[in-house]
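Spelled out, the chains give:
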Amino acid sequence: MTTVSQGPQPTPVPGPVTDRKTMGGGRRRHLAGVGENAGKANWIVKAVLLIICFLWVVPVIGLFITSIRTPDAANATGWWTVLKSPLDATQWTLANYTQVATESNMFRAFINSFAITLPATLIPILIAAFAAYAFTFMQFKGRDVLFIMIVSLLVVPNQVALVPLLQLYGQFGLNGTFPAVWLAHIGFGMPLAIFILRSYMATLPKELIESAKVDGATHFTTFWRLVIPVSVPALASFAIFQFLWVWNDLLVALIFLGPGENEPMTVNLAGLIGQQGQGWQLITAGGFFTMVVPLIVFLSLQRFFIRGMVAGSVKG
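Calculation rules
- Residues numbered from 1 in each chain as written.
- Predicted model: local features only at pLDDT ≥ 70, side-chain atom pairs only at ≥ 80, totals over all residues.
- Heavy atoms only, no water.
- 1 Å grid on protein atoms, 1.4 Å probe; cavity = no way out; pocket = protein on both sides within 12 Å on 5 of 7 lines; lining within 4 Å.
- Points joined across faces, edges and corners; volume = space filled by probe spheres on them.
- Helix = DSSP H or I, 4+ residues; strand = E, 2+ residues; numbered from the N terminus.
- Nonpolar A, V, L, I, M, F, W, Y, C, P; charged D, E, K, R; others polar.
- Expected span 1.5 Å × (residues − 1).
- Buried < 20%, exposed > 50% of the residue type's maximum accessible area, 1.4 Å probe, protein only.
- Core = buried A, V, L, I, M, F, W, Y, C linked by side-chain atoms within 4.5 Å.
- Contact = heavy atoms within 4.5 Å.
- Axes fitted to C-alpha atoms, helices over the stretch in contact; angles between N-to-C directions.
- Parallel < 35°, antiparallel > 145°, perpendicular 65-115°, else oblique.
- Left-handed = near helix turned anticlockwise from the far one by under 90°.
- Phe/Tyr/Trp six-rings, centres within 6.5 Å; stacked < 30°, edge-to-face > 60°.
- Lys NZ or Arg CZ within 6 Å of the ring centre and 35° of its normal.

### A look at the layout of surface pockets
Working step 1: Of the pockets and cavities examined, the largest pocket occupies roughly 270 Å³.
Working step 2: At the level of elements, helix 2 (43-67) and helix 14 (281-309) are the ones that each hand at least two residues to the lining of the largest pocket.
Working step 3: In terms of residue count, helix 14 provides more of the lining of the largest pocket than any other element does, five residues in total.
Working step 4: The residue inventory of the lining of the largest pocket, partitioned by class, reads seven nonpolar, two polar and no charged.
Working step 5: Considered as a void within the structure, the second largest pocket measures approximately 210 Å³ in volume.
Working step 6: Lining the second largest pocket we find L153, L154, V156, P157, N158, V160, A161, G187, F188 and P191.
Working step 7: Its residues placed into classes, the lining of the second largest pocket shows eight nonpolar, two polar and no charged.

### Here we look at helix 11 (residues 232-247)
Working step 1: If you check helix 11, its first and last C-alpha atoms are 22 Å apart, about what 16 residues at 1.5 Å a residue would give, namely 22 Å.
Working step 2: With respect to burial, helix 11 is a largely interior element, twelve of its 16 residues being buried.

### Some points on the nonpolar core
The tendency in soluble globular proteins is for nonpolar side chains to be buried as a group.
Working step 1: One finds F137, I194, L197, M201 and V227 to be the most contacted residues of the largest nonpolar core, which totals 27 residues.
Working step 2: Elements that contribute at least two residues to this core include exactly helix 5 (106-137), helix 6 (143-152), helix 8 (178-201), helix 10 (219-230) and helix 11.
Working step 3: Per-element accounting of this core gives the leading share, eight residues, to helix 8.
Working step 4: In contact with I194, not counting residues within four places along its chain, are A128, A131, A132, F135, F147 and I150.
Working step 5: With 15 residues, the next largest nonpolar core counts Y97, F243, M265 and L272 among its residues.

### Notes on the packing of helix 6 against helix 8
Working step 1: Packing of helix 6 against helix 8 brings their axes to within 8 Å, and their N-to-C directions diverge by 125°. Taken together, the axes of helix 6 and helix 8 are oblique relative to one another. Judged by the sense of rotation from one axis to the other, the crossing of helix 6 with helix 8 is left-handed. Of helix 8, the residues touching helix 6 (which contributes F147, I150 and V151) are P191, I194, F195 and R198.
Working step 2: Along the lines of polarity and charge, the residues of the contact of helix 6 with helix 8 split into six nonpolar, no polar and one charged.

### Observations regarding the packing of aromatic side chains
Working step 1: Scanning all chains against the criterion turns up 17 aromatic pairs.
Working step 2: Residues F110 and F114 carry aromatic rings whose centres are separated by 5.1 Å and whose planes lie at 75° to one another, so their mutual orientation is edge-to-face. Linking F110 with F114, this pair stays in helix 5, spanning four residues, or about one helical turn.
Working step 3: Joined through ring pairs, the aromatic side chains of F130, Y133, F137, F220, F223 and W224 make up one cluster.
Working step 4: Note that R198 overlies the ring of F147, its terminal NZ or CZ placed 4.8 Å from the centroid.

### Describing empty space enclosed by the protein
Working step 1: Evaluation of the coordinates by the stated rule reveals one cavity of 30 Å³ or more.
Working step 2: Approximately 60 Å³ is the volume found for the largest cavity.
Working step 3: Contributing to the lining of the largest cavity are S113, I116, T117, V181, H185, V246, W247, D249, A253, P264 and T266.
Working step 4: At the level of secondary structure, the elements contributing two or more residues to the lining of the largest cavity comprise helix 5, helix 8 and helix 11.
Working step 5: Among the elements that take part in the lining of the largest cavity, helix 5 stands out by supplying three residues, more than any other.
Working step 6: Partitioning the lining of the largest cavity into residue classes produces six nonpolar, four polar and one charged.

Now the structure itself:
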């Protein structure tokens, strides 16, 4: 059998393909290294955050220590002196909490705070969600001008409207009632709610709304079954702001409700201090009563907080 020689085989030389693979592997390793370190903060950032957390937590610790000290000990020395003798039982007491819970009608004020806060939080969210949907997905004359006018109300101080509202409520006999506080908080919180929800809804894909329209869905069906479920982060974000604002409000509640049967916890706490300054130690104990519910609300909804705040900052 005759063997046909094909000649000497050429020596393989690294070509563009080989180089591309090598470069690609190096690029992937480089990007992997960048990705691993992208979320890591340096020691300066960590130190600054640690200092901020320390400055924020120290007053809370001092408030708590003062709330469980006897009036004589609290008046004689600062709260930080307990670090020298923390086991001294003569300076610790729970009488402040007992007195606040039993003698100051704090439980009734606690229920009143819920009666004020829940409607003043849910109603603005519902109305603002309808308005945000209209400003985002509906076309009508003067839409942009009206939106700018509403958002511009954010720069108007709420205090300038208190006296006119007080006179208006007096004509309708609303002063001292829950609806007076509801309407005030709804009006003050509406511009921010519309701005947050409209910014979030503007990031939703237009194809989603168009497909619902092609299927014959009405605006109400699209809003209730499509837009609202995907807007939960923005809704929860504003709910946190509004709830904390209304729950901790003293000025509006003091003007439109005042002390009495309908007073919230903030007004009740302000009344714990006597005319001569007696009873200030009860403020520290009552302060922790007011902190429980906001902490629960924030910890429950905090996973939506950042998502709702960054909504609308990027698009695409």
